Amino acid sequence: MPITNWREQVYNVIGSVLYNNPVRAVRFLVRNEAGELWDRSERPAPVRRLAETPVPEPRNCLRTVQFVHHVLIPPGGRHVEELHVHPDAEELVVITQGAGRMRIGEEDAPVEAGDVAYIPPGAEHELRNDSRELLGAFFINVPVGEGLRRLLADDPRQQGE
C-alpha cells in the first residue's frame, strides 16, 4: 500500500513530491520575452522542477493523475519561478496552512488554510506567500483532453484495460 509523507522526498525549502505519474503527459508553458507561450521543458530550469522529478516506487503509481505535490512556501516566495499554464490539465490547490495570494488568469485573490482553488486548463496561475508565516499547499494536477489522450496512449499500464 503506497503511503507517503511530504518529508520523504523534500528537494528544497518549499517542495516535495508525494506522488507522480511516470508518464509525462501534461505540458508546462511559460511566456518568453515576447509574451509568447513556450514549453518550459525546452529550456534549462532555474530550479529543480518537481513535476519533472522521478520518484521511486511505489510513489510513481498514479495512472490518471499527473502529480500530487506538497509545498511549504516561505514568506515572500512563490510555488514556481514564473506564471505558467497547463493547457491540457486542470489543477486543484488545497491550502493547508498560512495565507497568501492565488492568481488564476487575470484574477488575484487572498487564500488561507481550508481554501481550495480550481485552476482550469489554459489558465496562467501561481501561488504566492505575502504573509510572514509559511504557506502550505497540496497541488493535484489531472490531465484533460489531449493530455489525457497522451497519458492513456503512452502508459503501458493502461493498455488492454
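Residues numbered from 1 in each chain as written. Predicted model: local features only at pLDDT ≥ 70, side-chain atom pairs only at ≥ 80, totals over all residues. Heavy atoms only, no water.

**Some points on the pattern of salt bridges**
Put simply, the rule reads: Salt bridges are identified by distance alone: a Lys or Arg side-chain nitrogen within 4 Å of an Asp or Glu carboxyl oxygen. The way it works is that DSSP assigns letters per residue, a run of H or I at least four long becomes a helix, a run of E at least two long becomes a strand, and they are numbered from the N terminus. Each residue's exposure class comes from its accessible area (1.4 Å probe, protein chains only) as a fraction of the maximum for that residue type: buried when under 20%, exposed when over 50%, partly exposed otherwise.
Within this structure, the stated rule accounts for nine salt bridges. Here Arg 78 makes a salt bridge to Glu 126, at a shortest N to O gap of 2.5 Å. Of this pair, Arg 78 sits in the loop between strand 4 (67–73) and strand 5 (89–97) while Glu 126 sits in strand 9 (residues 125–128), placing them 48 residues apart in sequence. Look at Arg 78 and you get partly exposed, because its relative accessible area is 31%. According to the relative accessible area criterion, Glu 126 is buried, its value standing at 6%. The shortest N-O distance in the salt bridge between Arg 149 and Glu 146 comes to 3.3 Å. Highlighted residues: Arg 149 and Glu 146, both in helix 1 (residues 145–154), separated by three residues, approximately one helical turn. We classify Arg 149 as exposed; its relative accessible area is 53%. Looking at Glu 146, the relative accessible area reads 42%, which means it is partly exposed. Overlapping salt bridges bring together Arg 78, Arg 101, Asp 108, Glu 126 and Arg 128 as one network.

**Overview of the nonpolar core**
Let me state the cut-off plainly: Among buried residues, the Ala, Val, Leu, Ile, Met, Phe, Trp, Tyr and Cys ones that are joined through side-chain atoms within 4.5 Å form a nonpolar core.
Val 93, Ile 95, Met 102, Leu 127, Ala 137 and Phe 139 are the most contacted members of the largest nonpolar core, which totals 17 residues. Secondary-structure elements contributing two or more residues to this core are strand 4, strand 5, strand 8 (116–119) and strand 10 (135–143). If you look at the next biggest cluster of nonpolar residues, it comprises five residues, including Leu 18, Tyr 19, Leu 62 and Val 68.

**Focus on the packing of aromatic side chains**
Cut-off, in case you're wondering: Pairing of aromatic rings covers Phe, Tyr and Trp, the last through its six-membered ring, and needs centres within 6.5 Å; plane angles under 30 degrees mean stacked, over 60 mean edge-to-face, and all others mean tilted.
Summed over the entire model, instances satisfying the criterion amount to one aromatic pair. Ring plane angle 15° and centroid distance 6.3 Å describe the contact between Phe 28 and Phe 67, whose orientation is recorded as stacked. Placement of the pair is Phe 28 in the loop between strand 1 (15–20) and strand 2 (29–31) and Phe 67 in strand 4, with a sequence separation of 39 residues. Given the relative accessible area of 4%, Phe 67 is considered buried.

**Structural notes on the confidence of the model for the protein chain**
Just so we agree on the cut-off: Scored from 0 to 100, pLDDT reflects the predictor's confidence in each residue. The criterion used for residue contact is that any of the two residues' heavy atoms lie within 4.5 Å.
Of all residues in the protein chain, 83% have pLDDT values of 70 or greater, and the mean over the chain is 83. Taking the mean pLDDT of every element in the protein chain, the minimum, 74, falls on strand 1 and the maximum, 98, on strand 7 (residues 107–112). A low-confidence stretch, residues 9–13 stays under pLDDT 50, and its non-local contacts, those more than four residues away or across chains, total 17 contacts.

**Considerations on the environment of Arg 40**
By the secondary structure assignment, Arg 40 is in the loop between strand 3 (37–39) and strand 4. With 11 residues separating them along the chain, Arg 40 and Leu 29 place their C-alpha atoms 5.4 Å apart.

**A closer look at the sheet that holds strand 9**
Defined as follows: Paired strands, as defined in this entry, are two strands with at least two bridges between them according to DSSP. To get an axis, fit a line to the C-alpha atoms, keeping to the stretch in contact for a helix; angles then go from 0 to 180 degrees between the N-to-C directions.
Reading across from one edge, 7-6-9 is the order of the three strands in this open sheet, with antiparallel pairing throughout. With partners counted over all chains shown, the strands left at the sheet margins are strand 7 and strand 9, one partner each. Recorded for the sheet is a direction-independent mean angle of 20° between the axes of neighbouring strands. As judged from the six bridges shared by strand 6 (residues 99–104) and strand 7, these two strands associate in the antiparallel manner. Each bridged residue has a counterpart across the sheet, and for Arg 101 the counterpart in strand 7 is Pro 110.

**Side note on the environment of Glu 112**
Turning to its location among the elements, Glu 112 is positioned in strand 7. For the pair Glu 112 and Gly 136, spaced 24 residues apart in the sequence, the C-alpha separation amounts to 9.2 Å. Here Glu 112 is in contact with Ile 95, Gly 98 and Ala 99, once residues within four sequence places are set aside.

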